[in-house]
Amino acid sequence: MERTNPEFEIRGINHLALVCRDMERTVDFYTNVLGMPLIKTIELPNNMGQHFFFDIGNGDSLAFFWFPNAPEAAPGISAPAGMPGEGEMVSAHGSMNHVAFNVPADKFEEYHAKLKAKGVHVTPIINHDDSPRQVSRELHDGVFIRSFYFQDPDGILLEFATWLRAMGPDDVKHRPARAVDRDRYLGLVGSADR
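Report on the accompanying structure.

1. A closer look at the overall build of the chain
Turning to step 1, where the next piece is worked out: Looking only at helices and strands, one finds three helices and nine strands in the chain.
Turning to step 2, where the next piece is worked out: Element order for the chain, N to C, with α for helix and β for strand: β-α-β-β-β-β-α-β-β-β-β-α.
Turning to step 3, where the next piece is worked out: For the chain, the proportion of its 194 residues judged to be buried stands at 32%.
Turning to step 4, where the next piece is worked out: Long-range contacts, defined as pairs at least 24 residues apart, comprise 46% of the intrachain contacts of the chain with a sequence gap of at least 6.
Turning to step 5, where the next piece is worked out: Working note: accessible area of the chain is about 13200 Å², and carbon and sulfur atoms make up 53% of it.
Turning to step 6, where the next piece is worked out: Treating the 19 positive side-chain charges of the chain as one cloud and the 27 negative ones as another, the clouds have centres 3 Å apart.

Dropping the structure here:
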């Protein structure tokens, strides 16, 4: 079910801008491992660094800044410390947790094998469903999205995902958590019903 935005005609992500430690290594990974064309390079003024753009399809781009004075990565703060099933996925407020690329369902398992063959460490395939654990080892009619995760050379968490069905009104059934709900989620106070 496609929904329209009554306020703005947003057509997707123009670009998502991340920060890398080594632009040459980043270009090598995204062009040679993931096959994304490098479409624009910018040398920032006053020796501030660089800004490069990769085509990720549908008119969308993934962009990277390289700043010579950027602080070192802070896994577990500015990004997840690990991949799902292999480490802590939590990252700080205002951080970018991961980038999920939409891939065709009929090529999903092929892409998993292809990345492994290229020497990229990937998680097992995850079948997301509405069960209490929210994942299934087996593919069944209740699985709405399949995904697997991997990291780029800077530790940025990436995901290949494929939707298996359209989302409908029944898929929106949880009240959004508030900042004051933190202690309850962490088990620091009684778990009263919402």
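2. Re the nonpolar core
Turning to step 1, where the next piece is worked out: Ranked by size, the top nonpolar core spans 26 residues in total, and within it Tyr30, Leu34, Phe64, Leu115, Phe150, Leu158 and Phe160 carry the most contacts.
Turning to step 2, where the next piece is worked out: For this core, the elements supplying multiple residues, two or more each, are strand S1 (15-20), helix H1 (23-33), strand S3 (49-57), strand S4 (60-66), strand S5 (99-102), helix H2 (108-117), strand S8 (145-151) and strand S9 (157-163).
Turning to step 3, where the next piece is worked out: In terms of residues, this core owes the most to one element, H1, which gives five residues.
Turning to step 4, where the next piece is worked out: The residues contacting Phe150, other than those within four sequence positions of it, are Phe29, Leu34, Met83, Leu115, Val120, His121, Val122, Ile156, Leu157, Leu158, Glu159 and Phe160.

3. Overview of the layout of surface pockets
Unoccupied space between atoms shows up once a probe the size of one water molecule is rolled over them.
Turning to step 1, where the next piece is worked out: By volume, the largest pocket is sized at about 710 Å³.
Turning to step 2, where the next piece is worked out: Lining the largest pocket are 26 residues; nearest its centre among them are Ile56, Ala100, Phe101, Asn102 and Val103.
Turning to step 3, where the next piece is worked out: Per-element tally for the lining of the largest pocket: the top contributor is S5, with four residues.
Turning to step 4, where the next piece is worked out: Residue composition of the lining of the largest pocket, grouped by class: 16 nonpolar, six polar and four charged.
Turning to step 5, where the next piece is worked out: In this structure, the second largest pocket encloses a volume near 610 Å³.

4. Looking at the pairing of S5
Turning to step 1, where the next piece is worked out: A one-sided burial pattern is seen for S5, the buried positions being Val99 and Phe101 and the unburied ones Ala100 and Asn102.
Turning to step 2, where the next piece is worked out: Here S5 runs beside S9; their pairing, made up of four bridges, is parallel. Each bridged residue has a counterpart across the sheet, and for Val99 the counterpart in S9 is Leu158.

5. Some details on the sheet that holds strand S6 (residues 126-128)
Backbone-to-backbone hydrogen bonds join strands into a sheet, with any given pair of strands oriented parallel or antiparallel.
Turning to step 1, where the next piece is worked out: Here we have five strands laid out as an open sheet, ordered S5-S9-S8-S6-S7, and mixed in their pairing. The sheet terminates laterally at S5 and strand S7 (135-136), the two strands that pair on one side only.
Turning to step 2, where the next piece is worked out: Summarising the sheet, S6 and S7 pair through two bridges and their orientation is antiparallel. Residue pairing across strands places Asn127 opposite Ser136, the latter belonging to S7.
Turning to step 3, where the next piece is worked out: Docked against the sheet, H2 engages S8 and S9, running at close to 15 degrees with respect to S8.

6. Considering the environment of Ile156
Turning to step 1, where the next piece is worked out: Counting through the fold element by element, Ile156 comes out in the loop between S8 and S9.
Turning to step 2, where the next piece is worked out: Classification of Ile156 by relative accessible area gives buried; the value is 10%.
Turning to step 3, where the next piece is worked out: Spatially, the C-alpha atoms of Ile156 and Gly82 are 9.7 Å apart, while their sequence positions differ by 74 residues.
Turning to step 4, where the next piece is worked out: Each residue touching Ile156, except ones within four places of it in the same chain, is listed here: Leu18, Val19, Phe64, Met96, Phe150 and Gln151.

7. Concerning the sheet that holds S1
Turning to step 1, where the next piece is worked out: Across the sheet, which stays open at both edges, the four strands sit in the order S1-S4-S3-S2 with mixed pairing between neighbours. Taken across any chain shown, the strands that pair with only one partner, and hence form the sheet edges, are S1 and strand S2 (38-44). Direction aside, neighbouring strands of the sheet carry axes that sit 20 degrees apart on average.
Turning to step 2, where the next piece is worked out: As paired strands, S1 and S4 are joined by six bridges and run parallel to one another. Across the sheet, Ala17 pairs through a bridge with Ala63, a residue of S4.
Turning to step 3, where the next piece is worked out: Contacting S1, S2, S3 and S4, H1 crosses the sheet at an angle of about 5 degrees to S3.

About the cut-offs
Residues numbered from 1 in each chain as written. Predicted model: local features only at pLDDT ≥ 70, side-chain atom pairs only at ≥ 80, totals over all residues. Heavy atoms only, no water. Helix = DSSP H or I, 4+ residues; strand = E, 2+ residues; numbered from the N terminus. Buried < 20%, exposed > 50% of the residue type's maximum accessible area, 1.4 Å probe, protein only. Contact = heavy atoms within 4.5 Å. Areas by Shrake-Rupley, 256 points an atom, 1.4 Å probe, with all protein chains shown as cover. Lys, Arg positive; Asp, Glu negative; His and termini not counted. Charge placed at Lys NZ, Arg CZ, Asp CG, Glu CD. Core = buried A, V, L, I, M, F, W, Y, C linked by side-chain atoms within 4.5 Å. 1 Å grid on protein atoms, 1.4 Å probe; cavity = no way out; pocket = protein on both sides within 12 Å on 5 of 7 lines; lining within 4 Å. Points joined across faces, edges and corners; volume = space filled by probe spheres on them. Nonpolar A, V, L, I, M, F, W, Y, C, P; charged D, E, K, R; others polar. Pairing = 2+ DSSP bridges. Axes fitted to C-alpha atoms, helices over the stretch in contact; angles between N-to-C directions.

The analysis is restricted to geometry; functional conclusions fall outside its scope.
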